[in-house]
Amino acid sequence: MKKIIIINGPNLNLLGKREPNIYGSLSFTEFFNTVKEKYTNVDLEYFQSNIEGELIDKLQACGFNYDGIILNAAAYTHTSVGIGDTVKAIETPVVEVHISNTFGREEFRHQSFISPNAKGVILGFGLQSYELAIQSFLD
Ligand code: DQA
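These figures come from a predicted structure and were not determined experimentally.

## Re the site of the ligand
Okay, step 1: The local shell around the ligand consists of Arg18, Tyr23, Asn72, Ala74, Ala75, His78, His98, Ile99, Ser100, Thr102, Arg105 and Arg109.
Okay, step 2: The contact in question runs from an oxygen atom of the ligand to an N or O atom on the backbone of isoleucine 99, over 2.7 Å.
Okay, step 3: Protein burial of the ligand: of its 320 Å² of free accessible surface, 99% is covered by the chains.
Okay, step 4: For the shell around the ligand, the per-class residue count stands at four nonpolar, five polar and three charged.

As structure tokens, then:
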């Protein structure tokens, strides 16, 4: 069974309450539970932190023994050289995910320190972006 983890960055614990016009009205826990039920053939975990160093620690801890990492580093995507370096340093392939189409938003969201070392990038499909990322590891 493939071992995959979804790692979410800052403010994504507020999904469902935060700017629902952009991020939707479903909480991540609700979404994650339906996905877990759907993909019973995957060992799927979830981690969220608002703290940059905790995200780096988690990437390092999973980065040599998981089959896939789905990373939405949220605002740190656009600022964190540290997280970008970690994605480069680890062996597990990372698929970068965003709920919104960051290229249709402010210019500062067009920059990503993750993308150059990601296996691929999926964005703009709402929470379905995560599901597409799971499927990319199964095909
Ligand atoms: C986001 C896009 C980021 O620009 C933003 O800072 C987020 C969420 C997304 O999933 O659309 O917090 O990563």
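## Describing the packing of aromatic side chains
Aromatic ring pairs are described here by two measures, namely the spacing of the ring centres and the angle between the planes.
Okay, step 1: Under the criterion given, the structure shown has six aromatic pairs.
Okay, step 2: Each ring, one from phenylalanine 31 and one from tyrosine 130, has its centre 6.0 Å from the other, and the planes form 50 degrees; the classification is tilted. Here phenylalanine 31, found in helix α2 (residues 28-38), pairs with tyrosine 130, found in helix α5 (residues 128-138); they are 99 residues apart in sequence, far enough to count as distant. The same class applies to phenylalanine 31 as to tyrosine 130, namely buried.
Okay, step 3: Here a set of aromatic residues connected by ring pairs shows up, and it is made of Phe28, Phe31, Phe32, Tyr46 and Tyr130.

## Notes on the nonpolar core
Okay, step 1: The biggest cluster of nonpolar side chains holds 23 residues, and the ones touching the most others in it are Phe28, Leu44, Ile70 and Tyr130.
Okay, step 2: Elements that contribute at least two residues to this core include exactly β1 (2-8), α2, β2 (42-48), β4 (94-98) and α5.
Okay, step 3: Apart from the residues within four sequence positions on either side, leucine 44 is in contact with Ile4, Ile6, Phe32, Val35, Lys36 and Ile134.
Okay, step 4: The next biggest cluster of nonpolar side chains, apart from the first, holds 16 residues, and it includes Ile56, Tyr66, Ile83 and Ile90.

Thresholds applied
Residues numbered from 1 in each chain as written. Predicted model: local features only at pLDDT ≥ 70, side-chain atom pairs only at ≥ 80, totals over all residues. Heavy atoms only, no water. Near = heavy atom within 4 Å. Polar contact = N/O pair within 3.5 Å; in protein donor to acceptor, adjacent residues only side chain to side chain. Areas by Shrake-Rupley, 256 points an atom, 1.4 Å probe, with all protein chains shown as cover. Nonpolar A, V, L, I, M, F, W, Y, C, P; charged D, E, K, R; others polar. Phe/Tyr/Trp six-rings, centres within 6.5 Å; stacked < 30°, edge-to-face > 60°. Helix = DSSP H or I, 4+ residues; strand = E, 2+ residues; numbered from the N terminus. Buried < 20%, exposed > 50% of the residue type's maximum accessible area, 1.4 Å probe, protein only. Core = buried A, V, L, I, M, F, W, Y, C linked by side-chain atoms within 4.5 Å. Contact = heavy atoms within 4.5 Å.

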